[in-house]
Structures are given as C-alpha cells and as structure tokens.
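Observations on the three-dimensional arrangement
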Amino acid sequence: MATAKKPAAAAKKPAAKKPVAKAAVKKPVAAAKKAAPAKAAPAKKAAPAKAAKPVKAVKAPAVKKANTAFMKPMNLSASLAAVIGAAPLPRTEVTKKIWEYIKKHKLQDEANKRMINGDAKLVAVFGGKKQVSMFEMTKLISAHLS
C-alpha cells in the first residue's frame, strides 16, 4: 500500500478521566460490617444532571375524513327503486342493498361467483342484460343514481 502507517501510540489518544466519587470506591471493610451492623450505609452522591434535549413538537397523525361524496344521499330511478326501495340513499348503501337482494334471491352464478344472474327486476336495472359481472354491475347501477 502507498499510505504510511502511523505509530500505534500516536493514533490512540488517552481517554478523559471521569472523577470518581469516594463512596463508589470499595474498600475491604468486612470485619467492620460484622462488628457494627446497625450503621446505615452512607448516601450515594447524585449523578450530575445531563443537559436536557429540546423537546420536539410531535404532530398527531392526520385523521382521515370520510369522503362526503359517497355519503351524499342520491335519488334513485324507478327501476332501481323497485329493487331496493324509493328512499334516497348514499352510493355505499345502494351497493349494500343490491347485494342483500342478490343473496336473498340467490342470483349469484354458482359456477362463476363473479357473475350476477338478473331476475325480472334486475334486468331492468342492468339495461336488458340477463347476466353481468359484479364489476359491470356497479357501472350499470351508477347510471340509475342522480
């Protein structure tokens, strides 16, 4: 190697010595302790206080607000109202009610669970289709909301 090595003694710096409290130094006093067990041990000196670090202000995590567009009650078309009721409902509730109707009338295809078989009421909502996928169903339902 091209770099020269420094002597080991020059590389190491002597460590700074910390003052040792006299109470921390142990001396052999076994005989004195046996003779006078009633004496209380001398109180230890308190460690010097460290400088306090500045406290950083911790921000609380942002509270996620619900999207109010999904919670807004929507008016239903006549064909959709025949399936789930005429009262205005948010989009989330419309989806829940449609799935309740599908499961109650067992309209989910047995072979392919992603497909929904329409009965007379749902065919009107699905735009005349007898069978739609569950992903296409949400698209077709959104056309009936205003």
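Our subject in this report is the structure included herewith.

Cut-offs used in this document
Residues numbered from 1 in each chain as written. Predicted model: local features only at pLDDT ≥ 70, side-chain atom pairs only at ≥ 80, totals over all residues. Heavy atoms only, no water. Helix = DSSP H or I, 4+ residues; strand = E, 2+ residues; numbered from the N terminus. Buried < 20%, exposed > 50% of the residue type's maximum accessible area, 1.4 Å probe, protein only. Contact = heavy atoms within 4.5 Å. Areas by Shrake-Rupley, 256 points an atom, 1.4 Å probe, with all protein chains shown as cover. Core = buried A, V, L, I, M, F, W, Y, C linked by side-chain atoms within 4.5 Å. Axes fitted to C-alpha atoms, helices over the stretch in contact; angles between N-to-C directions. Parallel < 35°, antiparallel > 145°, perpendicular 65-115°, else oblique. Left-handed = near helix turned anticlockwise from the far one by under 90°. Nonpolar A, V, L, I, M, F, W, Y, C, P; charged D, E, K, R; others polar. Arc of directions from axis to C-beta. Expected span 1.5 Å × (residues − 1).

**Observations concerning the overall build of the protein chain**
A tally of regular secondary structure across the protein chain gives 7 helices and 2 strands. Secondary structure elements in the protein chain, listed N-terminal to C-terminal, are α-α-α-α-α-β-α-β-α. Across the 146 residues in the protein chain, those meeting the buried criterion constitute 19%. At a minimum sequence separation of 6, the contacts of the protein chain that also span at least 24 residues come to 27%. Carbon and sulfur atoms provide 62% of the accessible area of the protein chain, an area that totals close to 12900 Å².

**Overview of the nonpolar core**
Ranked by size, the top nonpolar core spans 21 residues in total, and within it L80, I84, V94, I98, I102, F126 and M137 carry the most contacts. Sorting the residues of this core by element identifies α4 (78-84), α5 (91-104), α6 (120-125) and α7 (134-142) as the ones contributing at least two each. If we ignore the near neighbours within four places in the chain, the residues touching I98 are L80, V83, I84, M137 and I141.

**Overview of the packing of α5 against α7**
Two elements in contact, α5 and α7, have axes whose closest approach is 12 Å; the angle formed by their N-to-C orientations is 125°. As the angle between them shows, α5 and α7 are arranged oblique. Our pair here, α5 against α7, has a crossing hand that is right-handed. Between α5 and α7, the residues in contact are R91, V94, I98, W99 and I102 and M134, M137, I141 and S142, respectively. Of the residues that constitute the contact of α5 with α7, the class distribution is 7 nonpolar, 1 polar and 1 charged.

**Let's talk about α7**
Because each turn of an α-helix spans 3.6 residues, side chains separated by three or four positions end up pointing in the same direction. When α7 is considered as a whole, its buried residues turn out to be M137, L140 and I141. Taken around the axis of α7, the buried residues stretch over an arc of 100°, which confines them to a single face. Exposed and facing more than 90 degrees away from the buried side of α7 are F135 and K139. Residues of α7 that are buried in the fold lie against α4, α5, β1 (115-117), α6 and β2 (131-133).

**Topic: α5**
With 14 residues, α5 should cover 20 Å at 1.5 Å per step; its first-to-last C-alpha distance of 20 Å lies within 8% of that length. Listed in full, the buried residues belonging to α5 are V94, I98, W99, Y101 and I102. Along the axis of α5, the buried residues cluster in a sector spanning 160°; they form a single face. Exposed side chains of α5 directed beyond 90 degrees from the buried face belong to E100, K103 and K104.

**With respect to the side chain of S133**
Here S133 lies in strand β2. Residues contacting S133, with those up to four places away along its chain left out, are R114 and M115.

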